[in-house]
Amino acid sequence: MKITVIGTGYVGLVSGVCYAHLGNEVICVDKDVQKIATLKAGVIPIYEPGLKELADACMESGHLQYTTDLGEAIQEAEVVIIAVGTPPLPGGGADLQFVEAVAREIGANLNGYKVIVVKSTVPVGTNETVEEIIARHTIHAFDIASVPEFLREGTAVSDTLNPDRIVIGTKSDKAADRLSELHKPLTNQIVITDIRSAEMIKYASNAFLATKISFINEIANLCEKVGADVTEVAGGMGLDKRIGGSFLKAGIGYGGSCFPKDTKALIQIAGNVEYDFKLLKSVVEVNNHQRFGVIDKLYRALGSLQGKRIAIWGLAFKPDTDDVRESPAIEIVERLLELGAVPAVTDPIAMSNFRKLINHPSIQWSATALEAAQGADAVCLLTEWQDYIQVDLRKLEQVMARPILIDGRNAYSTKQLETGRFAYYPVGRPALNNEDIAIHEMI
Ligand SMILES: NC(=O)c1ccc[n+]([C@@H]2O[C@H](COP(=O)([O-])OP(=O)(O)OC[C@H]3O[C@@H](n4cnc5c(N)ncnc54)[C@H](O)[C@@H]3O)[C@@H](O)[C@H]2O)c1
Ligand SMILES: O=c1ccn([C@@H]2O[C@H](COP(=O)(O)OP(=O)(O)O[C@H]3O[C@H](CO)[C@@H](O)[C@H](O)[C@H]3O)[C@@H](O)[C@H]2O)c(=O)[nH]1
C-alpha cells in the first residue's frame, strides 16, 4: 500500500518505518527541514531502541522515503496518516493548530480518492472537523478514520509491531477494509468502531493507566504510614486477573508527553459538556504532589538542604528515552534550587534535552552516576536506568559525603542494600537505617 505519514515525531517516524518494514511504500513528511535532512542522512533524531536498524533496512530496500514536499507526498498516497503534535494549551486543552493546518494542506492537494487517518491524539469530534476542513478544500472523494496510537516511548518499535489491539473508527466500510488489510499482519485484535468512540478509547486508556499509577502511589503513601510494603501489596493485587499487575509501580508519579497532557485534555473535554470529571482531577492532583515525596525524604534525612550537594540520577521521564517532557525531575530540581541545594544531575542520554529546559548556574552537570555522587549528601534515583540499578553500592558509599539513598522508583532490592550502610528511603516501603533529622510540611 502507498502510505504517506505527516509528522516525523515519535509516532509518525516509528509508524512510518514500521509500515515500510511490513512491505508498504511509505513517504514520511515533515515541515522541519533540518529533521528531514537528518533523517535522509541516516541519523535518527530521537532515541528509540531498534528504530535505526529498521529505518536503515527500509531505506535500503526502497520502501521508505523522507521529504518536506507535503503536496507531492499526499498525491502519491492511497492512505494519508496525520501524526503531528497536539500539545497542551495553557488551559489544558489540546492545541489542534497543527492538525488543522495539515487538514487544509490535504484538502488542497487531493488528486483522487484516499483514506485519511488521524493518528494524533485528538479530542472527541476532531475527526469531524478535519473532515469538514478537507471537504472545504477539495472536490475529490475521501474517507476519514481515527486510528489512535498506543505505543510507549522506549519500546515504540516493538509496541508498534506487536500491538495489543488496533482501533479503527470510521463510518466507511471501504476505509475500514483498507485499514484492516494494512494492520492485519500486526494483530488479529482489530476493533472497528465509530469515530467518536475511537477518539475516546485513546483518552480513556491513558486516563485509566494514569489512574492506576496515582492509585498505587496513594496506597504507597499509606503503606509508609502503616508500615506495609507497596511492592508486596501491588504484587498481591496484580495476581487478580481483574486488576492485573501492570502499571502498579509506585514511585515519583507519571511524566512524559502523553499522560499529563491527555489527562488534562480529558478533564477539559468533560468540562466542555458540563461534566465534572472528579476522579480524573484527583488523579492529576495526586500525581502533581507525588514527586515532592523525594524532597520530603531529603528533609527527613538531612534537615536544611541549603548548600547540600544532592545527586540526581535520571532526568528522562522513564528509562530508554531522552524525552524530558513533563519529567518529574524538572520540578524536583527546581525545588532543590529554590531550597538552596546544589543538584548534581546526570542521565545517560537526556542531559542535553534537560539543559534546554533548566540551565541554572548552581547545577553540576555530571557525566556518570558516580561523578554526580562524589561528595554528595544524598543520591536521589529518579529514573530507573539499568546502569543506576546495577551500580556498585560499596563504591557509591565510598565516594559520598553521607550514605543517604532516596529511591524514587523502588529500584534497589534489600539484598543489594545489605552490602552497604545506606540510610535508604524507598517509596511505600519501610526505610532502612534511617535516623530522621527533621520532618517538615513541604507542600
Ligand atoms: N509520543 C508518544 O509516545 C505518543 C504515543 C501515542 C500518541 N501520541 C500522540 O501522537 C501525536 C504526535 O506525537 P509525537 O510525540 O510524535 O509528536 P512530536 O512533537 O514528536 O512530532 C510531531 C512532528 O510533526 C511535525 N509537524 C507539525 N506540523 C506539521 C505540518 N504542518 N506538516 C508536516 N509536519 C508537521 C513536527 O515538525 C514534528 O516533527 C500527538 O497527538 C501525541 O499525543 C504520542
Ligand atoms: O507502573 C508504572 C508505570 C509507569 N509509570 C510512569 O508513567 C509514565 C509513563 O510511562 P509509559 O506509559 O511507559 O510511557 P509513555 O511513553 O508515556 O506511554 C504512555 O503514553 C503513550 C502516549 O499516549 C501511550 O501511547 C502509551 O500507551 C502509554 O503507556 C512514566 O513516567 C513512568 O515512569 C509509573 O510511575 N508506574
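Keep in mind that what you see is a predicted model, and the values were worked out from it rather than measured. (Residues numbered from 1 in each chain as written. Chains lettered and ligands numbered in written order. Predicted model: local features only at pLDDT ≥ 70, side-chain atom pairs only at ≥ 80, totals over all residues. Heavy atoms only, no water.)

A.B. asks: Break down the packing of aromatic side chains for me, citing the residues and quoting the values.
C.D. replies: Note on aromatic pairs: each is described by the distance of the centres and the angle between the planes. A complete count under the given rule lists 5 aromatic pairs for this structure. Arranged with centres 6.4 Å apart and planes meeting at 75 degrees, the rings of Tyr275 and Phe277 form a pair that is edge-to-face. A relative accessible area of 54% means that Tyr275 is categorised as exposed. Look at Phe277 and you get partly exposed, because its relative accessible area is 25%. Measuring from ring centre to ring centre gives 6.3 Å for Phe354 and Trp365, while their planes differ by 65 degrees; the resulting arrangement is edge-to-face. Of this pair, Phe354 sits in helix H15 (residues 351-357) while Trp365 is found in strand S11 (residues 364-365), placing the two residues 11 residues apart along the sequence. Judged by relative accessible area, which is 0%, Phe354 ranks as buried. (Phe/Tyr/Trp six-rings, centres within 6.5 Å; stacked < 30°, edge-to-face > 60°. Buried < 20%, exposed > 50% of the residue type's maximum accessible area, 1.4 Å probe, protein only. Helix = DSSP H or I, 4+ residues; strand = E, 2+ residues; numbered from the N terminus.)

A.B. asks: Account for unusual backbone geometry, naming residues and giving values.
C.D. replies: You will see that Phe247, though not glycine, has its phi angle at about 60 degrees, which is positive. Topologically, Phe247 is positioned in the loop between helix H10 (230-238) and helix H11 (259-272). A relative accessible area of 30% means that Phe247 is categorised as partly exposed. We note that Glu326 has phi near 55 degrees; this positive angle belongs to a residue other than glycine.

A.B. asks: If you had to explain the site of ligand 2 to someone new, which residues and values would you point to?
C.D. replies: Taken together, 19 residues surround ligand 2, and among them Phe150, Leu151, Glu153, Lys202 and Cys258 come closest. One of the side-chain nitrogen or oxygen atoms of Lys202 is found 2.8 Å away from an oxygen atom of ligand 2. For ligand 2, the protein covers 91% of the area, taking 700 Å² as the surface of the free molecule. Mapped by element, the contributors of at least two residues to the shell around ligand 2 are helix H9 (195-226) and H11. Looking at which element gives the most residues to the shell around ligand 2, the answer is H9, with 3 residues. Classifying every residue of the shell around ligand 2 by side-chain character gives 9 nonpolar, 2 polar and 8 charged. (Near = heavy atom within 4 Å. Polar contact = N/O pair within 3.5 Å; in protein donor to acceptor, adjacent residues only side chain to side chain. Areas by Shrake-Rupley, 256 points an atom, 1.4 Å probe, with all protein chains shown as cover. Nonpolar A, V, L, I, M, F, W, Y, C, P; charged D, E, K, R; others polar.)

A.B. asks: How would you explain the nonpolar core if you had to name every residue and give the values?
C.D. replies: Ranked by size, the top nonpolar core spans 58 residues in total, and within it Leu298, Ile312, Trp313 and Tyr412 carry the most contacts. Apart from residues no more than four positions distant in its own chain, Tyr412 is found in contact with Trp313, Leu381, Tyr388, Ile389, Val391, Leu393, Leu405, Asp407, Leu417, Tyr424 and Arg429. Residues Ile6, Ala94, Leu96 and Val130 belong to the second largest nonpolar core, which totals 39 residues. (Core = buried A, V, L, I, M, F, W, Y, C linked by side-chain atoms within 4.5 Å. Contact = heavy atoms within 4.5 Å.)

A.B. asks: Before we move on, can you summarise the site of ligand 1 with the specific residues and values?
C.D. replies: In the vicinity of ligand 1, 26 residues are found, and the nearest of them are Val11, Asp30, Lys35, Thr86 and Lys261. Within the side chain of Lys35, an N or O atom sits 2.6 Å from an oxygen atom of ligand 1. Contact with the protein chains removes 88% of the 830 Å² of surface that ligand 1 exposes when unbound. Listing elements by their share of the shell around ligand 1, those giving two or more residues are helix H1 (10-21) and helix H5 (97-109).

A.B. asks: I'd love a proper account of the UniProt feature "binding site: NAD(+)" (unreviewed entry) in the protein chain, names of residues and values included.
C.D. replies: Per the UniProt record, "binding site: NAD(+)" (unreviewed entry) is annotated on Asp30, Lys35, Thr86, Thr121, Glu153, Lys261 and Arg325. With a sequence span of 296 residues, these residues are also far apart in the fold, their greatest C-alpha distance being 24.1 Å. One can find Thr121 in the loop between strand S5 (114-118) and helix H6 (126-136). Discounting chain neighbours no more than four positions away, the residues touching Thr121 are Thr86, Lys202, Tyr203, Lys261 and Asp262. With respect to the element layout, Glu153 can be found in the loop between strand S6 (142-146) and helix H7 (156-161). Beyond its immediate stretch of four places on either side in the chain, Glu153 contacts Tyr10, Glu48, Ser257, Phe317, Lys318, Thr321, Asp323 and Arg325. (UniProt positions renumbered as here; feature names shortened; annotations may be inferred.)

A.B. asks: Run through the domain arrangement of the protein chain, naming residues and quoting values.
C.D. replies: Each assigned domain of the protein chain is listed with its residue range as follows: domain 1 (2-193), domain 2 (202-289) and domain 3 (291-442). Here the C-alpha centroids of domain 2 and domain 3 sit 23 Å apart. Between domain 2 and domain 3 the total buried area reaches about 1600 Å² when both faces are included, carbon and sulfur atoms providing 51% of it. It is Glu224, Ile252 and Gly256 in domain 2 that bury the most area against domain 3; as a group they hold 38% of the surface buried on that side. Counting across the domain 2 and domain 3 interface gives 2 salt bridges. Arg429 is the salt-bridge partner of Asp229, the closest N and O atoms lying 3.9 Å from each other. (Domains from an automatic or database assignment. Buried area = accessible area lost by both parts, 1.4 Å probe. Salt bridge = Lys/Arg side-chain N within 4 Å of Asp/Glu carboxyl O.)

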